[in-house]
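In case you want the letters, here they are:
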Amino acid sequence: MYPSAMKGEEKQAEKMLRLSLSFSPREPVTPPIPYWLYKLHGLNINYNCEICGNFNYRGPKAFQRHFAEWRHAHGMRCLGIPNTAHFANVTQIEDAVSLWAKLKTQKASERWQPDTEEYGDFSGNVINKKTYEDLKRQGLL
């Protein structure tokens, strides 16, 4: 490897070695963690959530935890969408709205509809309400 490239990598590694896990100014400053531990926990990966107002989460653990936190729940409530398990790992507003529309149509088709009421005759045949009333009117049942 070229010496100039090594110097750049060393500077980046030095910078990463001084990483601290405290994100809030109110929390006490924690001692820096080793770079290998930083990478092991995936803290070098940033996840963006559009529903939370383009908030960035560092690492997969914090990202998964944020779906149950107030910021994500408030964003979903502002969109008029319930914060249920169906919306886990959905971070884009457009995706959440389209999934909610799909779930609403699916729930509407699953609801009980009075015109699809089923009846059974003495032979055990299952027929719909209209056919049952027609057969009963004709005296066949």
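Up top is the structure.
Presented here is an overview of the structure given in this document. (Residues numbered from 1 in each chain as written. Predicted model: local features only at pLDDT ≥ 70, side-chain atom pairs only at ≥ 80, totals over all residues. Heavy atoms only, no water.)

A few points about the side chain of His-66
And then number 1: Residue placement: His-66 occurs in the loop between helix H3 (60-65) and helix H4 (70-79).
And then number 2: On the basis of relative accessible area, His-66 is assigned to the buried category, the value being 0%.
And then number 3: A polar contact of 2.6 Å, which involves the side chain of His-66, links it to the backbone oxygen of Phe-63.
And then number 4: Here His-66 is in contact with Cys-49, Cys-52, Tyr-57 and His-72, once residues within four sequence places are set aside. (Helix = DSSP H or I, 4+ residues; strand = E, 2+ residues; numbered from the N terminus. Buried < 20%, exposed > 50% of the residue type's maximum accessible area, 1.4 Å probe, protein only. Polar contact = N/O pair within 3.5 Å; in protein donor to acceptor, adjacent residues only side chain to side chain. Contact = heavy atoms within 4.5 Å.)

Regarding the nonpolar core
General note: in soluble globular proteins, nonpolar side chains tend to be found buried as a group.
And then number 1: Cys-49, Ile-51, Cys-52, Tyr-57, Phe-63, Phe-67, Met-76, Ile-81, Phe-87, Val-90, Ala-96 and Leu-103 together form the largest nonpolar core, which totals 12 residues.
And then number 2: Those residues in contact with Cys-52 that sit more than four places away from it in its chain are Tyr-57, His-66, Arg-71 and His-72. (Core = buried A, V, L, I, M, F, W, Y, C linked by side-chain atoms within 4.5 Å.)

Quick notes on the environment of Tyr-132
And then number 1: The topology assignment puts Tyr-132 in helix H6 (residues 129-138).
And then number 2: Residues Tyr-132 and Glu-118, spaced 14 residues apart in sequence, show a C-alpha to C-alpha distance of 8.5 Å.
And then number 3: With near-sequence residues (within four places) excluded, Tyr-132 lies in contact with Tyr-119, Gly-120, Ile-127 and Leu-141.

These figures come from the coordinates and say nothing about function on their own.
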